[in-house]
Amino acid sequence: DREVLRSSYDEGVRYVDGALGSLFDRLRGSGLWDEMLVIVTSDHGEEFLEHGGYGHESLHEEVLRVPLLVKWPRGQRAGLVTEAPSSGVDLTPTLLAATGLPTDDLPGRDLGAPPADRVLMAGTLERIVIADGLKGFFGGKTGDRLFDLRADPGESFDLAAARPADLQRLAGLLDRERRAALELHRRLGSADGVEEVALSAAERDRLRAFGYLE
């Protein structure tokens, strides 16, 4: 079953690759390609039993690490490959900056700017923090965990008990970012006009299956 699912996933990747190739060829033929900014990415990867599960309900690297390809206008940065960490929240500042619009205090950074040290976060019920090559898991059913991605990219050895100070430092970063997000939420007035909505049993089951509800 694992190999069938992996093969189906690979077929999906091949299909998207071919579709993008056809689209890009048409854009080149139209004369638009050279002036365009094109970004290709994905919302998540998939797990195939690397950590005991299928799909994308975990926050392990096989789910979080996704393609990010940027074709800048007029051949800028052509062929550049960077190991600098990035996040989905970088896409909006990148697009705004490319069109000359202000990014204000949006989260994320312009991918066209020089890379800088940063803290990456993800998750809803369970949260992860990545900083300085370390990755901490917080709030999940399996308890807080810590992995050294440089020495252990497969996340096989939990270091939470051996390095509690590092785990606590990442927890502090998570709390700092959470408070900053709440402040941004308050200043943007995102709560204005929000009403509670009653969900059906089927809707709750679907959200629970995706990991958004306990």
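Before reading further, recall that the structure is shown in the block above.
Predicted, not measured: the structure shown is a model, and the values here were computed from it. (Residues numbered from 1 in each chain as written. Predicted model: local features only at pLDDT ≥ 70, side-chain atom pairs only at ≥ 80, totals over all residues. Heavy atoms only, no water.)

### Thoughts on the pattern of salt bridges
Applicable threshold: Salt bridge criterion: a side-chain nitrogen from Lys or Arg within 4 Å of a carboxyl oxygen from Asp or Glu. In DSSP terms, a helix is any run of H or I states spanning at least four residues, a strand is any run of E spanning at least two, and both are numbered starting from the N terminus. In this scheme, a residue with accessible area under 20% of its type's maximum is buried, one over 50% is exposed, and one in between is partly exposed, where area comes from a 1.4 Å probe on protein chains only.
Scanning all chains against the criterion turns up 15 salt bridges. With a closest N to O distance of 3.2 Å, Arg145 and Glu126 form a salt bridge. Of this pair, Arg145 sits in strand E8 (residues 145-148) while Glu126 is found in the loop between strand E5 (120-123) and strand E6 (127-131), placing the two residues 19 residues apart along the sequence. The same class applies to Arg145 and to Glu126, which are both buried. Salt-bridge contacts for Arg208 lead to Asp205; the nearest nitrogen and oxygen are separated by 3.1 Å. With Arg208 and Asp205 both in helix H5 (residues 201-209), this residue pair falls three residues apart, about one helical turn.

### Section: the side chain of Arg145
For clarity, the cut-off: Polar contacts, as counted here, are pairs of nitrogen or oxygen atoms within 3.5 Å of one another; within protein the pair requires one atom able to donate a hydrogen and one able to accept it, and residues that are adjacent in sequence qualify only if both atoms are side-chain atoms. The contact criterion used is simple: two residues touch if any of their non-hydrogen atoms lie within 4.5 Å.
What makes Arg145 buried here is its relative accessible area of 14%. Among the polar contacts made by the side chain of Arg145, one reaches the side chain of Thr142 at a distance of 3.2 Å. Dropping the residues within four chain positions of it, Arg145 is found in contact with His60, Glu126, Lys135, Gly136, Phe137, Asp158, Ala160 and Leu167.

### Focus on a nonpolar patch on the surface
Definition in use: Residues enter patches when they are more than 30% accessible in relative terms and free of salt bridges; like-charged ones are connected within 9 Å and nonpolar ones (Val, Leu, Ile, Met, Phe, Trp, Tyr) within 5 Å. To measure how exposed things are, a 1.4 Å probe is used in the Shrake-Rupley method; for residues, cover is taken only from the protein chains shown.
There is a patch of nonpolar side chains on the surface, built from Leu5, Leu49 and Tyr54 and spanning about 250 Å² of accessible area. Residue placement: Leu5 occurs in helix H1 (residues 2-30).

### Observations concerning the sheet that holds E5
We count it as follows: Following DSSP output, two strands are said to pair if at least two bridges run between them. Note on geometry: axes are lines fitted to C-alpha atoms, helical ones only across the stretch in contact, with angles between N-to-C directions running from 0 to 180 degrees.
An order of E5-E6-E7-E8 is seen for the four strands of this open sheet, with the pairing classed as antiparallel. Across the chains shown, the open sheet's two edge strands, defined by having one partner strand only, are E5 and E8. On average, each strand axis in the sheet is inclined to that of its neighbour by 15°, with strand direction left out of account. Bridge count for E5 against E6 is four bridges, and the pairing is antiparallel. Opposite Met121, over in E6, you have Val129 as the bridge partner.

### Some details on the nonpolar core
Let me state the cut-off plainly: Nonpolar cores are built from buried Ala, Val, Leu, Ile, Met, Phe, Trp, Tyr and Cys residues. Side-chain atoms within 4.5 Å join them into one set.
Val129, Ala131, Leu134, Phe138, Leu146, Ala160, Leu167, Leu170, Leu173 and Leu174 together form the largest nonpolar core, which totals 10 residues. For this core, the secondary structure elements donating two or more residues are E6, strand E7 (134-138) and helix H4 (164-188). Broken down by element, this core gets its largest block of residues, four residues, from H4. Apart from the residues within four sequence positions on either side, Leu134 is in contact with Val129, Leu146, Phe147, Asp148, Arg163, Asp166, Arg169 and Leu170. Ranked by size, the runner-up nonpolar core spans seven residues in total, among them Leu120, Ile128, Phe147 and Leu149.

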